[in-house]
Amino acid sequence: GESVGLHLPTLSVQEGDNSIINCAYSNSASDYFIWYKQESGKGPQFIIDIRSNMDKRQGQRVTVLLNKTVKHLSLQIAATQPGDSAVYFCAESSNAGGTSYGKLTFGQGTILTVHP
Amino acid sequence: DGGITQSPKYLFRKEGQNVTLSCEQNLNHDAMYWYRQDPGQGLRLIYYSQIVNDFQKGDIAEGYSVSREKKESFPLTVTSAQKNPTAFYLCASSELGGRQPQHFGDGTRLSIL
């Protein structure tokens, strides 16, 4: 079946560095992608999303890059802070078939640890 | 503030017992979802609902049941038929249509006594 996965399960960075979290997806029909941040004992928090008609989207300190040719998604966090330490999930959906429901398929997550 | 409220935060189930997890949202979202998260894993979809009085099975619906009598409420019952219920359960909601972000509550952790 289709799946979304991550290249690196853990990432450790120093405070102030830039972080890059990667995600590969296999469904060529995927047309919407989301990044979530999950802190321990809490639900996932929406960070940023991107549609397949875009290659890049920027938010506050975060940038998502989409490479549809190689089915790769990345989340860049600028000037990483200790409060950014969490598990980061990518998720994708497709509207193949014309249904109005976009089922999200989640990756396994990457643990980001930021050292002061 | 608008958001999704899940209760209780921790829940314990005895053998042969059904338990119900509450999920309420005041975001005026039409769609609601239940996910299960096991340690070190991503989220797996249990059930979802796009409209009141209608819901569909997700990828792992066996041993679970839901109802959607009100737009703002989507309770999940973990039945005794679910043999491995220990997990972190997450409720989410979104606007209708594809390409809409889902917003999550803070989860209920279910354990077996």
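Parameters at a glance
Residues numbered from 1 in each chain as written. Chains lettered and ligands numbered in written order. Predicted model: local features only at pLDDT ≥ 70, side-chain atom pairs only at ≥ 80, totals over all residues. Heavy atoms only, no water. Helix = DSSP H or I, 4+ residues; strand = E, 2+ residues; numbered from the N terminus. Buried < 20%, exposed > 50% of the residue type's maximum accessible area, 1.4 Å probe, protein only. Areas by Shrake-Rupley, 256 points an atom, 1.4 Å probe, with all protein chains shown as cover. Lys, Arg positive; Asp, Glu negative; His and termini not counted. Charge placed at Lys NZ, Arg CZ, Asp CG, Glu CD. Contact = heavy atoms within 4.5 Å. Buried area = accessible area lost by both parts, 1.4 Å probe. Salt bridge = Lys/Arg side-chain N within 4 Å of Asp/Glu carboxyl O. Polar contact = N/O pair within 3.5 Å; in protein donor to acceptor, adjacent residues only side chain to side chain. Nonpolar A, V, L, I, M, F, W, Y, C, P; charged D, E, K, R; others polar. pLDDT = per-residue confidence, 0-100. Phe/Tyr/Trp six-rings, centres within 6.5 Å; stacked < 30°, edge-to-face > 60°. Lys NZ or Arg CZ within 6 Å of the ring centre and 35° of its normal.

Student: Which residues make up the overall build of chain B, and what values do they have?
Tutor: Assigned secondary structure in chain B consists of zero helices and 11 strands. Reading chain B from its N terminus to its C terminus gives the helix and strand order β-β-β-β-β-β-β-β-β-β-β. Taken along its principal axes, the extent of the C-alpha atoms in chain B is 40 × 25 × 25 Å. When the 113 residues of chain B are sorted by exposure, 49% land in the buried category. Accessible surface for chain B amounts to roughly 5,500 Å². Of this, 45% is attributable to carbon and sulfur atoms. Charge-centre separation for chain B: the mean point of 12 positive side chains lies 6 Å from the mean point of 12 negative side chains.

Student: For the overall build of chain A, give the residues involved together with the corresponding values.
Tutor: Within chain A, the regular secondary structure consists of zero helices and 11 strands. If you list the helices and strands of chain A from N to C, you get β-β-β-β-β-β-β-β-β-β-β. The buried share of chain A, reckoned over its 116 residues, is 44%. Within chain A, contacts between residues at least 6 apart in sequence are counted, and of these 54% link residues at least 24 apart. Of the accessible surface of chain A, which amounts to about 5,600 Å², a share of 47% is contributed by carbon and sulfur atoms.

Student: So what's going on with the interface of chain A and chain B? Residues and values would help.
Tutor: Listed as interface residues are 22 residues of chain A and, on the opposing side, 24 residues of chain B. Summed over both sides, the interface between chain A and chain B buries roughly 1,900 Å², with carbon and sulfur atoms accounting for 53% of that surface. Along the contact surface separating chain A from chain B lie two salt bridges. Put simply, K103(A) and D59(B) hold a salt bridge, and the shortest N to O gap is 2.6 Å. For the pair chain A and chain B, the number of links is six residue pairs in polar contact (both at pLDDT 80 or more). For the side of chain A that touches chain B, the secondary-structure elements that each account for two or more residues are strand 4 (32-38) and strand 5 (45-51) of chain A. Looking at the side of chain A that touches chain B, its residues break down into nine nonpolar, eight polar and five charged.

Student: Any chance you could break down the pattern of salt bridges for me, citing the residues and the numbers?
Tutor: Applying the stated criterion to the full structure yields eight salt bridges over all chains. Put simply, D49(A) and R57(A) hold a salt bridge, and the shortest N to O gap is 2.3 Å. According to the relative accessible area criterion, D49(A) is buried, its value standing at 11%. Here R36(B) and D38(B) are joined by a salt bridge, their closest N and O atoms 3.0 Å apart. With a relative accessible area of 3%, R36(B) lands in the buried category. It is possible to trace a salt-bridge network through shared partners that takes in R36(B), D38(B) and R44(B).

Student: I'd love a proper account of the confidence of the model for chain B, names of residues and values included.
Tutor: One rule of thumb: low pLDDT means the predicted coordinates there are not for detailed reading. Averaged over all residues, the pLDDT of chain B equals 93, while 98% of them reach at least 70. Highest mean pLDDT in chain B belongs to strand 7 (residues 64-66) of chain B (98); lowest belongs to strand 2 (residues 10-13) of chain B (92).

Student: Quick rundown of the packing of aromatic side chains? Include the residues and the values.
Tutor: Counting across every chain of the model gives 10 aromatic pairs over all chains. Ring centres of Y36(A) and F46(A) lie 6.4 Å apart, and the angle between their planes is 75 degrees; on these two criteria the pair is classed as edge-to-face. Here Y36(A) is found in strand 4, whereas its partner F46(A) is found in strand 5, with 10 residues between them in sequence. Taken together through their ring pairs, the aromatic side chains of Y36(A), F46(A), F106(A), Y33(B), Y35(B) and F104(B) make up a single cluster. If you follow R68(B) out to its NZ or CZ, it ends over the ring of F74(B), 6.0 Å from the centre.

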